[in-house]
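Remarks on the overall topology
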Amino acid sequence: MNSRKWVQLFLSTLWIGGGVTLAASFFFKFDSYAEFWQPFQLFELFGLLLFFAGMGFIFSIISQMGFFAYLTVNQFGKGLFRSAWIPVQLFLIAFTLFDLVYFRYQAAEDGASVWGYIVTAAALLALSLIVAYVKTKETNAHAFIPALFFMVVVTTVEWVPALRAAGSDYVWLMVIPLFICNAYQLLLLHRLTGPARSKNA
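Residue numbers restart at each chain and count upward from 1, following the sequence in its written direction. Under the rules for a predicted model, residues below a pLDDT of 70 receive no local features and side-chain atom pairs below 80 are neither given nor counted, while totals for whole chains, interfaces and linings still include all residues. For the side-chain quantities, the full set of heavy atoms in the structure was used; hydrogens and water were omitted.

1. Observations concerning the packing of helix 1 (residues 3–28) against helix 3 (residues 42–81)
Each axis is a line fitted through C-alpha atoms, and for a helix only the stretch in contact is used; angles between axes span 0 to 180 degrees, taken between their N-to-C directions. For helices the rule is a DSSP run of H or I covering at least 4 residues; for strands it is a run of E covering at least 2, with both sets numbered from the N terminus onward. Close contact between helix 1 and helix 3 brings their axes to 7 Å; oriented N to C, the two are set at 135 degrees. Comparing the axis directions of helix 1 and helix 3 gives the class oblique. Where helix 1 crosses over helix 3, the two elements pack in a sense that is right-handed. Across from Trp6, Leu9, Phe10, Thr13, Leu14, Trp15, Gly17, Gly18, Thr21, Leu22, Ser25 and Phe26 in helix 1, the residues of helix 3 making contact are Leu49, Phe52, Ala53, Gly56, Phe57, Phe59, Ser60, Ile61, Gln64, Phe67 and Phe68. By residue class, the composition of the contact of helix 1 with helix 3 is 15 nonpolar, 8 polar and no charged. For classification purposes, an angle smaller than 35 degrees is called roughly parallel, one larger than 145 roughly antiparallel, one from 65 to 115 roughly perpendicular, and anything else oblique. By convention, the crossing between two helices is left-handed when the near helix turns anticlockwise from the far helix through less than a right angle, and right-handed when the turn is clockwise. Throughout, a contact is declared for two residues whenever any of their heavy atoms are within 4.5 Å. Only Asp, Glu, Lys and Arg are considered charged in this grouping, and only Ala, Val, Leu, Ile, Met, Phe, Trp, Tyr, Cys and Pro are considered nonpolar; every other residue, Gly among them, is considered polar.

Laid out in structure tokens, this is it:
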């Protein structure tokens, strides 16, 4: 990938992260906006918009760091584990989904329902399967497991700061742009690099 394409990927992902986070903030942080409506406070409202957009830019940068780290790990894994790399990725996917349910439930307050954590992990898996399927249709069958690994494992690793924070609003405010940015980069990669370099990516 040349520098022009890298800049294209960086800037487009940056704007997607900012825009998606800003849009999501209207749903998950509506109370923050409501404070400045009555009475109407233009500058404070504008500052809040900049805050959530800036937060989205940060999320997109985290996503891009995770994406390029994944490309390195994927190449390293194929060289180290060779044919066993696919089973290793499947194990890590399963462990990550288990972690999203069991360990988060163990750390939750007394009386919390496990079903919320199960639904979260299931939704992440279902959406990741869709992205991996699209990646496979646009490239080749060998890309399915690496794509699923990236969407489940790497997204979860990037999501950890919000998972440790108090309050579910920031959990969703972070994972939505992360997932969309990750999916965007994954599905754009083979278009930027060309079909000759799209295998297992």
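Right, picking up where we left off after that structure.
2. Observations regarding the pattern of salt bridges
Two side chains bearing opposite charge may form a pair once their charged atoms approach each other closely. By definition here, a salt bridge exists when the distance from a side-chain nitrogen of Lys or Arg to a carboxyl oxygen of Asp or Glu is within 4 Å. In total, this model carries 2 salt bridges according to the counting rule given. Residues Asp169 and Lys29 are paired through a salt bridge, measuring 2.9 Å at the closest nitrogen-oxygen approach. Here Asp169 is found in helix 7 (residues 168–193), whereas its partner Lys29 is found in the loop between helix 1 and helix 2 (30–34), with 140 residues between them in sequence. Glu138 is paired through a salt bridge with Arg191; the nearest N and O atoms lie 2.9 Å apart. Separated by 53 residues along the polypeptide, Glu138 in helix 5 (residues 115–138) and Arg191 in helix 7 bring together distant segments of the chain.

3. Here's the deal with helix 1
An expected span of 1.5 Å times one less than the residue number is assigned to each helix. Taking 1.5 Å as the rise per residue, helix 1 with 26 residues should run 38 Å; its terminal C-alpha atoms sit 36 Å apart, in good agreement. Each residue is assigned to one of three classes by its accessible area relative to the maximum for its type, calculated with a 1.4 Å probe on protein chains only: buried under 20%, partly exposed between the two thresholds, exposed over 50%. For helix 1, every residue scored as buried is listed here: Leu9, Ser12, Thr13, Leu14, Gly17, Gly18, Val20, Thr21, Ala24 and Ser25. Where the residues of helix 1 are buried, they touch helix 2, helix 3 and helix 7.

4. Considerations on the environment of Arg104
In this fold, Arg104 is placed in helix 4 (residues 85–107). Look at Arg104 and you get partly exposed, because its relative accessible area is 22%. Here Arg104 is in contact with Asp99, Tyr117, Thr120 and Leu163, once residues within four sequence places are set aside.

5. Remarks on helix 6 (residues 144–164)
An ideal rise of 1.5 Å per residue puts 30 Å on 21 residues; helix 6 measures up with 30 Å between its terminal C-alpha atoms. Note on bend: at a given residue it equals the angle between the axes fitted to the 7 residues ending there and to the 7 starting there. Along its length, helix 6 reaches its greatest deviation from straightness, about 45 degrees, at Glu158, and the proline Pro161 lies no more than four positions downstream. A large share of helix 6 lies buried, amounting to 15 of its 21 residues.

6. Things to note about unusual backbone geometry
A positive phi is found at Arg82, a non-glycine position, where the angle reads about 55 degrees. Relative to the helices and strands, Arg82 resides in the loop between helix 3 and helix 4.

7. Some words on the packing of aromatic side chains
Geometry of aromatic contacts follows a simple scheme: Phe, Tyr and Trp rings, the Trp one being its six-membered ring, pair when their centres are within 6.5 Å, and the pair is stacked under 30 degrees between planes, edge-to-face over 60, tilted otherwise. Tallying each qualifying case throughout the model produces 18 aromatic pairs. Relative to Phe10, the ring of Trp6 lies with its centre 5.5 Å away and its plane at 10 degrees, an arrangement referred to as stacked. Taken together, the residues Trp6 and Phe10, both in helix 1 and 4 residues apart, mark about one turn of the helix. The class for Trp6 is partly exposed, based on a relative accessible area of 39%. Arranged with centres 6.0 Å apart and planes meeting at 85 degrees, the rings of Phe98 and Phe103 form a pair that is edge-to-face. Grouping aromatic residues by their ring pairs yields a cluster made of Phe67, Phe68, Tyr70, Phe81, Trp85, Phe149 and Phe150.

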